[in-house]
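Chains, contacts and geometry: an overview
Each chain is listed here by its residues.
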Amino acid sequence: MNMATAIAQPVERENYLNKEYGVWSWLLTTDHKRIALLYLGSITFFFFIGGFFALLIRLELLTPAGDLVQADTYNKLFSMHGIVMVFFFLVPSIPAVLGNFLVPMMIGAKDLAFPRINLLSWYLYIIGGGMMVHCMLTGGVDTGWTFYAPFSTNFSNTKVVEAGLAVFVAGFSSILTGLNFVVTIHRMRAPGMTWSRLPLFIWAHYATSIIQLLGTPVLAITLTLVVAERALHLGIFDPKLGGDPVLFQHLFWFYSHPAVYIMILPAMGVVTEIIACFSRKRIFGYSFVAFSSIAIAVFGFLVWAHHMFVAGTSVYAALVFSSLSYAVAVPSAIKVFNWTATLYKGSIHYDAPMLYAFGFLGLFTIGGLTGLFLAALGIDVHVTDTYFVVAHFHYIMVGGAVMGYLGGMHFWWPKISGRLYPEGWARLAALIVFIGFNLTFFPQFLLGYMGMPRRYYDYSHMPEFQVLNVLSTAGATVLGVGYLLPMVYFLWSMRYGKPAPYNPWNAAGLEWQTTSPPTTFNFDEEPVVTWEAYNYEELDAPQKEVPVAK
Amino acid sequence: MQNNASQTAVQSANGEAHDAHNPALLHHFAEPQQQRDAASLGMWVFLATEVMFFGGLFCAYLIYRRWYFGDFAAASTSINMWLGATNTAVLICSSLTVVLAVWAAQTSRRTLLIGSLVLTMLLGLVFLGIKGVEYKQKFDEHHVPGASFSFDNEEIPGHPGQYANPAHAQIFFALYFVMTGLHALHMIIGLGIFAWLLVAAWKGRFTPEYHTPVEIGGLYWHFVDIVWIYLFPLLYLIDRHP
């Protein structure tokens with residue numbers, strides 16, 4: 001990028017990082033930016049715990065025989081990998097870190113509407129996370145992240161109650177984040193920041209918040225019933241007593257399918273910002289991209305039973321849910337086509353955030369298209385509970401959500417830390433992540449289609465699957481290096497990185513018009529917005545005056 | 001104190017002055033109206049999440065009621081309808097006192113405000129007391145799901161000679177206890193909120209300009225009442241005949 005426009009940063013200007021020091025200034029802060037950093041630290045911790053479990057799973061599958069861990073241990077490994085990654089990393093990742101940091105700044109507000117509730121949400125996350133860590137240290141849980149009844153309620157001898165309560169508490173943290181975002185976006189926008197001028201990152205977070213608000217409580221009541229059933233044998237999910245385990249699946253997926261959109265929508269928001277900035281163009285079809293986020297949130301609530309095609313769902317219900325699942329592809333495709341159209345004739349810069357955005361585009365498309373395979377009744381029955389499903393949702397969650405998260409972290413790191421990260425290393429890491437990811441998960445599509453079931457720790461009766469499994473494990477190792485690198489150079493840059501100018505990417509958006517790092521209340525004066533979002537043509541036009549916050 | 005004053009001066013320079021008449025205005029809001037709107041929208045959004053929370057239970061209830069209607073009717077008959085009806089009346093009265101409290105806060109009638117808050121809490125406690133009596137009866141009759149549960153030889157209303165399946169009746173009682181239990185938990189939280197409101201009202205913190213806590217606390221209380229309005233007929237009045 002053109003660094004000539006960089007404004008030299010005065011040394012030791014007061015900002016949210018150096019305003020106060022000491023443990024309590026962090027633990028009792030109500031500054032959304034500091035809470036974002038608290039979240040960043042805690043979700044990174046859980047990311048590496050979940051990653052550690054993933055590594056053990058991949059090592060076990062290196063050979064066909066079950067020789068590294070016991071069967072029971074393996075069940076616990078994939079269960080805790082799923083629970084940690086879904087509920088303690090992916091769901092909070094972009095909203096609680098980047099969203100927390102950026103939502104108020106992007107709309108020109110001093111903070112979220114309820115700063116203390118924001119802090120409470122982090123504490124709930126920490127309490128839930130602490131319970132989960134305690135659960136893992138004292139024996140763990142083996143139900144899979146889905147807690148399916150009646151195994152979870154009647155048969156499992158592991159710590160189901162504690163894990164369920166941990167997820168329950170973390171769920172409330174997610175609800176409170178969503179509540180804060182909805183109210184903030186409605187009530188705290190700066191003068192002139194109309195709905196049609198909002199960055200699409202905000203639209204994506206608005207849609208995400210709606211899902212968090214309407215979905216998570218259903219998960220909460222479902223887990224409450226599981227805990228009550230397990231403790232008291234109520235019979236609600238127990239077929240022996242007239243209960244219905246399929247009801248559990250309905251209630252569970254009513255949250256957990258939309259939860260996929262909690263993970264992917266914010267990443268879509270991040271990618272939209274990055275693509276517009278590094279193509280130097282206004283996003284193509286702004287209102288289509290905005291409303292496709294809402295459409296995904298709404299359709300997302302109507303497709304849950306496609307997880308249950310082999311659970312005795314009637315043909316007619318399956319038909320309806322299959323068609324509705326196809327309907328989700330429409331707003332998703334609208335996004336992909338609009339991003340592509342934005343790239344068209346753009347002046348594209350290949351900086352690290354953009355590399356992640358490109359990775360997202362390709363991997364999300366593969367993940368989405370294989371989702372259509374799974375929405376089709378015939379193919380779904382064939383590949384249910386195989387590695388095809390595993391590969392599909394990792395393309396969405398890791399190839400999509402984590403790529404978006406990393407892209408966003410690089411894009412906004414200068415704003416968050418006030419320092420520039422090393423661009424060369426970052427591009428290398430992006431490349432390693434992309435290669436490692438595909439090497440890990442593409443073989444799993446093939447394995448699944450050939451019939452390798454998921455959740456098996458021993459495949460010695462089908463040794464022909466070993467080659468692809470070795471490739472996958474090798475890929476996981478590469479991927480692990482790709483994830484460690486950014487953590488190392490981000491930490492390095494906090495001390496040794498070059499000080500960042502206000503707007504290192506010359507990007508549109510209010511967050512770039514304040515200092516890096518920002519002051520506690522974000523803006524010295526309340527901004528008044530008089531321009532449309534993504535006004536890159538104006539920004540890049542040399543003769544015109546660049547609009548600045550007033 | 002001097003330090004404080006200079007801080008205020010700095011804030012004024014930044015255009016973040018606290019409203020002189022309203023110390024309750026938080027720093028990140030531009031004006032009291034914005035703060036009020038945010039708080040009120042926040043409570044409405046929170047209530048939407050509560051609807052979904054109870055919604056999962058209502059969904060389970062409706063499915064099992066349709067499957068096991070006779071068993072549910074028999075189990076429902078064993079609950080004391082008059083205790084439930086009294087509690088319904090108690091809660092409706094408490095909604096009235098909540099509205100009075102909001103009105104009193106808006107029109108700065110401090111005594112009425114404190115009186116209404118106290119009365120609301122008393123009605124809430126009466127509700128919980130009656131609920132406790134009801135739970136005690138169920139406990140004595142071995143209608144609490146679990147090892148000592150028994151519901152043998154209970155006739156299905158309107159079908160002489162047909163007896164309810166105890167396992168299916170147990171699902172009714174499980175839902176009964178989870179639904180009314182979670183409702184009672186919300187009542188207890190409501191009492192906590194109102195205790196806080198009472199202290200604040202006692203200290204004279206509410207004015208016609210600033211009474212948002214009374215308003216949104218009241219919203220919460222009304223919501224908990226409304227949940228009961230649905231629970232009462234669904235749990236107590238299945239297939240009752242005079």
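Residues numbered from 1 in each chain as written. Chains lettered and ligands numbered in written order. Predicted model: local features only at pLDDT ≥ 70, side-chain atom pairs only at ≥ 80, totals over all residues.

**Some thoughts on the overall build of chain B**
When its secondary structure is counted, chain B shows seven helices and two strands. Listed N to C, the secondary structure of chain B is α-α-α-α-α-β-β-α-α in terms of helices and strands. Computed over C-alpha atoms, the radius of gyration of chain B comes to 24 Å, more than 25% over the 18 Å expected from 2.2 N^0.38 for 242 residues, which places it beyond the range of a compact globule. For the C-alpha atoms alone, the extent of chain B along its principal axes is close to 85 × 35 × 30 Å. Counting over 242 residues, chain B shows a buried share of 33%. For chain B, the proportion of contacts with a sequence separation of at least 24, taken over those separated by at least 6, is 76%. (Helix = DSSP H or I, 4+ residues; strand = E, 2+ residues; numbered from the N terminus. Rg over C-alpha atoms; globule rule 2.2 N^0.38 Å. Buried ≥ 20, exposed ≤ 12 C-beta atoms within 10 Å, placed from the backbone. Contact = placed C-beta atoms within 7 Å.)

**Considering helix H2 (residues 32-67) of chain B**
Structural remark: α-helix, 3.6 residues per turn; residues separated by three or four positions point the same way. Its 36 residues give H2 of chain B an end-to-end C-alpha distance of 53 Å, which sits within 8% of 52 Å, the value for a rise of 1.5 Å per residue. The principal kink in H2 of chain B, of about 25°, is found at Gly55 of chain B. (Expected span 1.5 Å × (residues − 1). Bend = angle between axes of the 7 residues up to and from the residue.)

**Let's talk about the environment of Leu25 of chain B**
Residues and elements named next belong to chain B. Looking at the secondary structure, you find Leu25 in the loop between helix H1 (2-13) and H2. Residue classification places Leu25 among the buried residues on the basis of 20 C-beta atoms within 10 Å. Sequence spacing of Leu25 and Leu234 is 209 residues, and the spatial spacing of their C-alpha atoms is 44 Å.

**Description of the interface of chain A and chain B**
Contacts between the two partners involve 32 residues from chain A and, on the opposite side, 28 residues from chain B. Elements with a minimum of two residues in the side of chain A that touches chain B: helix H6 (160-187), helix H7 (200-232) and helix H8 (245-279) of chain A. For the side of chain A that touches chain B, the leading source of residues is H7 of chain A, giving nine residues. Grouping the constituent residues of the side of chain A that touches chain B by class yields 21 nonpolar, six polar and five charged. (Nonpolar A, V, L, I, M, F, W, Y, C, P; charged D, E, K, R; others polar.)

**Some words on the environment of Leu98 of chain A**
Assignment of secondary structure puts Leu98 of chain A in helix H3 (residues 71-106). Discounting residues that sit within four places of it in the chain, Leu98 of chain A has contacts with Val270, Gly408 and Trp412 of chain A.

**Digging into the packing of H8 of chain A against helix H10 (residues 315-343) of chain A**
Residues and elements named next belong to chain A. Remark: H8 packs on H10, axes separated minimally by 9 Å, with the N-to-C direction vectors making an angle of 15°. When the interaxial angle is binned, H8 and H10 end up roughly parallel. The two elements H8 and H10 meet at a crossing, and its hand is left-handed. Packed against H8, whose contacting residues are Met268, Val271, Ile275, Ala276 and Ser279, the element H10 presents Lys335, Trp339, Thr342 and Leu343 at the interface. (Axes fitted to C-alpha atoms, helices over the stretch in contact; angles between N-to-C directions. Parallel < 35°, antiparallel > 145°, perpendicular 65-115°, else oblique. Left-handed = near helix turned anticlockwise from the far one by under 90°.)

**What about unusual backbone geometry?**
Residues and elements named next belong to chain A. Ala149 connects to Pro150 through a cis peptide bond whose omega is 0°. If you trace the backbone, Pro150 turns up in the loop between helix H4 (115-137) and helix H5 (151-155). In the segment running from Ser516 into Pro517, the intervening peptide bond is cis, with an omega of -10°. Look at Asp385: it is not a glycine, yet its phi comes out positive at around 60°. Structurally, the position occupied by Asp385 is in the loop between helix H12 (377-383) and helix H13 (387-417). For Tyr534, which is not glycine, the phi torsion reads 55° and is therefore positive. Summarising the element assignment, Tyr534 is placed in the loop between helix H15 (466-496) and helix H16 (536-540).

**What about the packing of helix H9 (residues 286-300) of chain A against H10 of chain A?**
Residues and elements named next belong to chain A. Running from N to C, H9 and H10 cross one another at 160°; their axes reach a closest spacing of 9 Å. Taken together, the axis directions place H9 and H10 in an arrangement best described as roughly antiparallel. Of the two elements, H9 crosses H10, and the hand of that crossing is left-handed. Here H9 contributes Phe288, Val289, Ser292, Ala295, Ile296, Phe299 and Gly300 to the contact with H10, which in turn contributes Leu324, Ala327, Val328, Pro331, Ser332, Ile334, Lys335 and Asn338. Among the residues making up the contact of H9 with H10, the classes are represented as ten nonpolar, four polar and one charged.

**Overview of the pairing of strand E2 (residues 159-163) of chain B**
All names here are of chain B. Burial of E2 is sparse: only zero of the five residues sit out of reach of the surface. Here two bridges tie strand E1 (residues 155-156) to E2, and the two strands are oriented antiparallel to one another. Bridging across to E2, Glu155 finds its partner in Tyr163. In textbook terms, the turn of a hairpin is the stretch between consecutive antiparallel strands, and for E1 and E2 this stretch comprises two residues, one of which, Gly158, has a positive phi near 85°. (Pairing = 2+ DSSP bridges.)

**Here's the deal with the domain arrangement of chain B**
Entries for chain B in the domain assignment read domain 1 (1-30) and domain 2 (31-236). The C-alpha-based centres of domain 1 of chain B and domain 2 of chain B are spaced at 41 Å. (Domains from an automatic or database assignment.)

**Quick look at the nonpolar core**
Buried together is how nonpolar side chains tend to be arranged in soluble globular proteins. Counting 236 residues, the largest nonpolar core has Val84 and Ile107 of chain A together with Leu175 of chain B as the members making the most contacts within it. The contacts of Leu175 of chain B, once residues within four sequence positions are left out, are Leu57, Ala60, Tyr61 and Tyr64 of chain B. (Core = buried A, V, L, I, M, F, W, Y, C linked by C-beta atoms within 7 Å.)

**Examining the confidence of the model for chain B**
Residue and element names in this part refer to chain B. Within chain B, residue pLDDT values average 90, and 90% of them lie at 70 or more. Predicted confidence is poor over residues 1-20, with pLDDT under 50, and the contacts of this stretch with residues over four places away or in other chains come to ten contacts. As a predicted assembly, this complex carries a pTM of 0.93 together with an ipTM value of 0.92. (pLDDT = per-residue confidence, 0-100.)

**Re helix H11 (residues 352-375) of chain A**
Counted at 1.5 Å a residue, the expected span for H11 of chain A with its 24 residues is 34 Å, and the 34 Å between its end C-alpha atoms agrees. Of all 24 residues making up H11 of chain A, 17 are buried, and the element is well covered by its neighbours.

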